[in-house]
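Single-letter residue listing:
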Amino acid sequence: MSTTPETQRAIAQRAIDRATTRGVPIDTDLAFLTLLEEWIGGEIDMRTMRERYLAIIALRSAERRDPRNSLSGINPSESSYEANDE
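Note that this is a predicted model, so its numbers are computed, not measured.

Conventions and cut-offs
Per chain, residue numbering runs from 1 following the sequence as it is written. For this predicted model, a pLDDT threshold of at least 70 governs which residues receive local features, and a threshold of 80 or more governs which side-chain atom pairs are given and counted, while totals over whole chains, interfaces and linings are taken from all residues. Side-chain descriptors were evaluated using all non-hydrogen atoms of the structure, hydrogens and water having been removed beforehand. The predictor attaches a confidence to each residue, called pLDDT, with possible values from 0 through 100. Helical segments are the DSSP runs of H or I of at least four residues, strand segments are the runs of E of at least two, and each set is numbered from the N terminus. Axis definition: a line fitted to C-alpha atoms, limited for helices to the stretch in contact. Angles are taken between N-to-C directions and run from 0 to 180 degrees. What makes two residues a contact is simply this: any of their non-hydrogen atoms within 4.5 Å. Only Asp, Glu, Lys and Arg are considered charged, only Ala, Val, Leu, Ile, Met, Phe, Trp, Tyr, Cys and Pro nonpolar, and every remaining residue, Gly among them, polar. Burial classification: accessible surface area is computed with a 1.4 Å probe over protein chains only, and a residue below 20% of its type maximum counts as buried, one above 50% as exposed, and the rest as partly exposed. Definition of a polar contact: a pair of N or O atoms within 3.5 Å, with one able to donate and the other able to accept a hydrogen when the atoms are protein atoms, and with sequence-neighbouring residues admitted only if both atoms are side-chain atoms. Salt bridges are identified by distance alone: a Lys or Arg side-chain nitrogen within 4 Å of an Asp or Glu carboxyl oxygen. Definition of nonpolar core: a set of buried residues of the types Ala, Val, Leu, Ile, Met, Phe, Trp, Tyr and Cys, connected through side-chain atoms within 4.5 Å. Buried and open spaces are told apart on a 1 Å grid over the protein atoms alone, a cavity being a set of points where a 1.4 Å probe fits but cannot get out and a pocket being an open set with protein on both sides within 12 Å along at least five of seven lines. Residues with an atom within 4 Å of a point are the lining residues. Grid points are joined across faces, edges and corners, and a volume is the space filled by probe spheres set on the points.

On average, the protein chain scores 82 in pLDDT, and the residues at 70 or more come to 77%. No element of the protein chain has a lower mean pLDDT than helix 4 (residues 80-84), at 42, and none a higher one than helix 2 (residues 30-40), at 94.

Pasting the structure below:
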């Protein structure tokens, strides 16, 4: 089934509205909105969007559990001077 970007945008807006009504706004997450635009534009499918967003959530969760060992490769406890002086 092929849908137009306008149809996909309407689908996305309905999902955003439902989440907001339930008290879980999803339109405040820039990573989610970026993936959503890729889906609307036909660059990725819904499965890929879901997989990427779950990976982002897992990364954020891991970084919150131990911010000293950020999975992004940056140790926030080090100053930028110390990190560049290696």
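Where helix 1 (residues 5-21) meets helix 2, the axes come as close as 9 Å, and the angle between the chain directions of the two elements is 150°. Taken together, the residues of helix 2 that come into contact with helix 1 (itself represented by P5, Q8, R9, I11, A12 and I16) are L36, E37, W39 and I40. Residue composition of the contact of helix 1 with helix 2, grouped by class: seven nonpolar, one polar and two charged.

A word on helix 2. Buried within helix 2 are the following residues: A31, F32, L35, L36, W39 and I40. For helix 2, the elements touching its buried residues are helix 1 and helix 3 (46-65). Its side-chain oxygen placed 3.0 Å from the backbone nitrogen of A31, D29 serves as the N-cap of helix 2.

This next bit is on the pattern of salt bridges. One pass over the full model with this rule turns up three salt bridges. The shortest N-O distance in the salt bridge between E37 and R9 comes to 3.0 Å. Linking E37 in helix 2 with R9 in helix 1, this pair joins segments that are 28 residues apart in sequence. E37 gets classed as partly exposed once you look at its relative accessible area, which sits at 39%. Of the charged contacts in the structure, one is a salt bridge between D29 and R60, with a shortest N-O distance of 2.7 Å.

Relative to the helices and strands, D29 is located in the loop between helix 1 and helix 2. In terms of polar contacts, D29 uses its side chain to reach the side chain of R60, at 2.7 Å. Discounting residues that sit within four places of it in the chain, D29 has contacts with Y53 and R60.

Listed in full, the nine residues of the largest apolar core are A12, I16, F32, L35, L36, W39, I40, I44 and M49. Going through the elements one at a time, helix 1 and helix 2 are the ones with two or more residues in this core.

So, about the layout of surface pockets. Size it by volume and the largest pocket reaches roughly 160 Å³. In terms of lining, the largest pocket is formed by I11, A12, A15, I16, F32, L36, W39, M46, M49, R50, Y53 and L54. The set of elements that each furnish at least two residues to the lining of the largest pocket consists of helix 1, helix 2 and helix 3. Per-element accounting of the lining of the largest pocket gives the leading share, five residues, to helix 3.

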